[in-house]
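One letter stands for each residue in the lines below.
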Amino acid sequence: MKTTTTKTPIHAVWSWVRRQPPKVKAFLAVVTGMATLVLLRFIVHDHDNLFVAAEAVHSIGICVLIYKLMKEKTCAGLSLKSQELTAIFLAVRLYCSFVMEYDIHTILDLATLGTTLWVIFMIRFKLRASYMEDKDNFALYYVLVPCVVLAVLIHPSTSHNILNRISWALCVYLEAVSVLPQLRVMQNTKIVEPFTAHYVFALGVARFLSCAHWVLQVLDTRGRLLVALGYGLWPSMVLISEIVQTFILADFCYYYVKSVFGGQLVLRLPSGVV
């Protein structure tokens, strides 16, 4: 006697999505993102909470990373360079927060910077033997030099000191690309173990929430926020940076969700992903 398995609506929809060509999947991803933005606009009354949520999710991702390092005593699959870029942009943003706008974001950045420095210490000294240095081969000057040049050329036109304005721009640009070395490591290994996958997915969610915060703020103020940020190219660059850092992780997040729905503990990435 044959037994038939009943698929849930979620699995049925997911199976249909998996069968679609890449262009259709990209279109569906854009539509889903826009629908999520509309939903967030109506259910989250104070859109500043989205930025706090983004920082909180990032902190959760760091906590997952700490758990991995303490439980498994290995840093295999992690990019030291990504952690160093993260520490740099957090330190710069923390400096800008202290001298320009001390608020709740300052406290969240301080906590995240502290945990990131601990992760760097563990990779560099305590778990150095398991660090995959040959896979972590992304040259940092590929992102540092362009970000510094962009910050010098395109920065806020506020009344603050020029050094502070350039620093503010630098942390925005660095944050947008800080995950690239981690993606290179995963591209080189092709196999991503669960804790690293959870951490990178948390980064993707945090990036999306941060991007949603900016987009919804612009919509709520009917563009006045862009004027408040200054004139010239800077307001556009802020939005572009938020969108770029979201789309950088979009491909990985798709395969992460696909892996979770498929019941796979280890994420295997096909060629060409990230």
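Keep in mind that this is a model prediction, so the values were computed, not measured.

A. Region of interest: the packing of aromatic side chains. Scanning the entire structure with this criterion turns up 8 aromatic pairs. Judged by centre distance (5.5 Å) and plane angle (40°), the ring pair of Phe-121 and Phe-125 falls under tilted. In this pair, Phe-121 and Phe-125 are both assigned in helix α5 (residues 104-126), 4 residues apart and thus about one turn of the helix distant. Its relative accessible area of 37% is what places Phe-121 among the partly exposed residues. Residues Tyr-173 and Trp-234 carry aromatic rings whose centres are separated by 6.1 Å and whose planes lie at 75° to one another, so their mutual orientation is edge-to-face. Of the two residues, Tyr-173 sits in helix α7 (residues 162-177) while Trp-234 sits in helix α11 (residues 234-261), which places them 61 residues apart along the sequence. Trp-234 shares its class with Tyr-173; the two are buried. Three or more aromatic residues joined by ring pairs make a cluster, and in this case those are Phe-138, Tyr-141 and Tyr-142.

B. Up close: the environment of Tyr-199. With respect to the helices and strands, the residue Tyr-199 is situated in helix α9 (residues 194-220). The class for Tyr-199 is buried, based on a relative accessible area of 2%. It is 9.8 Å that separates the C-alpha atoms of Tyr-199 and Lys-68, two residues lying 131 residues apart in sequence. For Tyr-199, the contacting residues outside a window of four places in its chain are Gly-61, Ile-62, Val-64, Leu-65 and Gln-83. Side-chain polar atoms of Tyr-199 contact the side chain of Gln-83, separated by 2.9 Å.

Cut-offs and rules
Residues numbered from 1 in each chain as written. Predicted model: local features only at pLDDT ≥ 70, side-chain atom pairs only at ≥ 80, totals over all residues. Heavy atoms only, no water. Phe/Tyr/Trp six-rings, centres within 6.5 Å; stacked < 30°, edge-to-face > 60°. Helix = DSSP H or I, 4+ residues; strand = E, 2+ residues; numbered from the N terminus. Buried < 20%, exposed > 50% of the residue type's maximum accessible area, 1.4 Å probe, protein only. Contact = heavy atoms within 4.5 Å. Polar contact = N/O pair within 3.5 Å; in protein donor to acceptor, adjacent residues only side chain to side chain.

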